[in-house]
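Letter by letter, the chains look like this.
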Amino acid sequence: MIKLDITKATQFVGCEKVKAFEAEVASAKQALEDGSRPGSDFLGWMHLPTSITPEFMAEIQACADVLRANCDTVIVAGIGGSYLGARAVIEALGNSFAWLTNKGENPNILFAGNNIGEDYLYELTEYLKDKNFGVINISKSGTTTETALAFRLLKKQCEEQRGKEMAKKVIVAVTDAKKGAARTTADKEGYTSFIIPDNVGGRFSVLTPVGLLPIAAAGFNIAELVRGAQDMEKATSLNASFDEDITAQYAAVRNALYNDGKKIEILCNYQPKLHFMNEWWKQLYGESEGKDGKGIFPAAVDLTTDLHSMGQWIQDGERTIFETVISVESPEHKLLFPSDDENLDGLNFLAGKRVDEVNKMAELGTQLAHVDGGVPNIRLVMPRLNEYYLGQVIYFFEKACGISGYLLNVNPFNQPGVEAYKKNMFALLGKPGYEAETEAIKARL
Ligand code: PA5
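Everything quoted here is computed from the prediction, not taken from an experiment.

Strand order in the open sheet formed by five strands is 1-10-9-7-8, and the pairing between neighbours is mixed. Strands at the two margins of the open sheet, each flanked by one partner only, are strand 1 (3–5) and strand 8 (297–302). Strand-to-strand twist in this sheet, taken as the mean axis angle between neighbours without regard to direction, amounts to 20°. One ladder, built from six bridges, connects strand 7 (residues 264–269) with strand 8; its direction is parallel. Residue pairing in the sheet places Glu265 in a bridge with Pro298 of strand 8.

Moving on, we come to the pattern of salt bridges. Overall, the coordinates contain 27 salt bridges when judged by the stated rule. The salt bridge involving Asp260 is made with Lys17; its shortest N-O contact spans 3.1 Å. With a gap of 243 residues between them, Asp260 in the loop between helix 13 (246–259) and strand 7 and Lys17 in helix 2 (residues 15–19) connect regions that are remote in the sequence. By relative accessible area, which is 39% here, Asp260 ends up partly exposed. A salt bridge links Glu265 to Arg254; the nearest nitrogen and oxygen atoms lie 2.8 Å apart. With Glu265 in strand 7 and Arg254 in helix 13, this residue pair connects regions lying 11 residues apart in the sequence. Each of Lys155, Glu159, Lys164, Lys188 and Glu189 takes part in salt bridges that share partners, so that together they form one network.

With that settled, consider a negative patch on the surface. On the surface, a cluster of negative charge is contributed by Asp340, Asp341, Glu342 and Asp345. Position of Asp345 among the secondary structure elements: in the loop between strand 9 (321–330) and helix 16 (355–372). Of the residues examined, Asp345 reaches a relative accessible area of 54% and is grouped as exposed.

Thresholds, definitions, all that
- Residues numbered from 1 in each chain as written.
- Predicted model: local features only at pLDDT ≥ 70, side-chain atom pairs only at ≥ 80, totals over all residues.
- Heavy atoms only, no water.
- Pairing = 2+ DSSP bridges.
- Helix = DSSP H or I, 4+ residues; strand = E, 2+ residues; numbered from the N terminus.
- Axes fitted to C-alpha atoms, helices over the stretch in contact; angles between N-to-C directions.
- Salt bridge = Lys/Arg side-chain N within 4 Å of Asp/Glu carboxyl O.
- Buried < 20%, exposed > 50% of the residue type's maximum accessible area, 1.4 Å probe, protein only.
- Patch = residues over 30% accessible without salt bridge, like charges linked within 9 Å, V, L, I, M, F, W, Y side chains within 5 Å.
- Areas by Shrake-Rupley, 256 points an atom, 1.4 Å probe, with all protein chains shown as cover.
- Lys, Arg positive; Asp, Glu negative; His and termini not counted.
- Charge placed at Lys NZ, Arg CZ, Asp CG, Glu CD.

Structure (structure tokens):
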């Protein structure tokens, strides 16, 4: 199992202040079970892992296999919770040079619909001109502008390049059961489609077809991912005591630190493949907790890379931060530093050592330096970077986020603030139905 070490955080805030949350954590966990607090309509993720059936997994795998058999490239169109989880897992498990080394055994997975960059979309459509590509169009609402715009372009290009019949086979929708334009299009065109359950919000949806289908299309083992999440669901059940439940401890310690003036949490990894895990985590905690004028600001760094950019700030800047490090115990590959007769670089003291040994000493040295510099440190240890432990990490962060949001006394399952920019953008673009807003916003310019 993955492990949590909070000792280098409690040395700052005191074990008592963390333990003081025990009763509140128990009550938050109870509320997540019985739906007695705000957001109760969105608790479907809680027992999602253990409710996934083998038949459902087979259905997802069968669809992924059709994409794998007919596409050299699959574009995953989605944004926020309809995008980050799949990308986090695919990049964590994939070869860092998949692009360049792909010998055709797996389709390349590319992402779109998560920005409105004209150059990005132009370059993507150019790149796809000689590709046998397919599209997984993911949007719970089915109306998100970024995703809908990209999908309109991709659908047209896919139909033109591959013909209507093949397009029908290689375009898949993951959306609401009934509402939204993505559903209407899928039904009208006869695409294979999967439903995002009503009671699972976007950022908690990675273990629904939102994440599982792209991950399976990329060639990774979704059964192992789900098994990892199931084991974490069981390990953090209502019966698990505070001392046994790492989600309870993580939620408690970060709230104790927050109450002590630590307003920013920095998620750190020492494996570049975890960059998008950082991004997924930022969205999960940022959208869940940043409301009502409250919330820890979730930041993230890739280390050791960012020790040469953000390291100075972390070591010596304002003491309002704490760190959570995802540490991977064993790499998947072995690479030793060679010895060099001339030793011009002076690195012969490392000859024969594994690259990971150096990385681990960098990690330990950084932890000690940051703790000495006044930065509380939490460590989440994954034995290996594989599907099973990623499944555990995903459920761990989701459950801890639900508890933590309730400790903060916010509704962790809504995101009312996300609407503000959309309203302005539609008013500025003159969307039908926004006439009054258009007039009002133009008067402000
Ligand atoms: O977590 C969330 O709810 C959001 O980030 C959504 O996932 C995001 O806005 C995309 O929404 P949709 O899936 O409706 O296109």
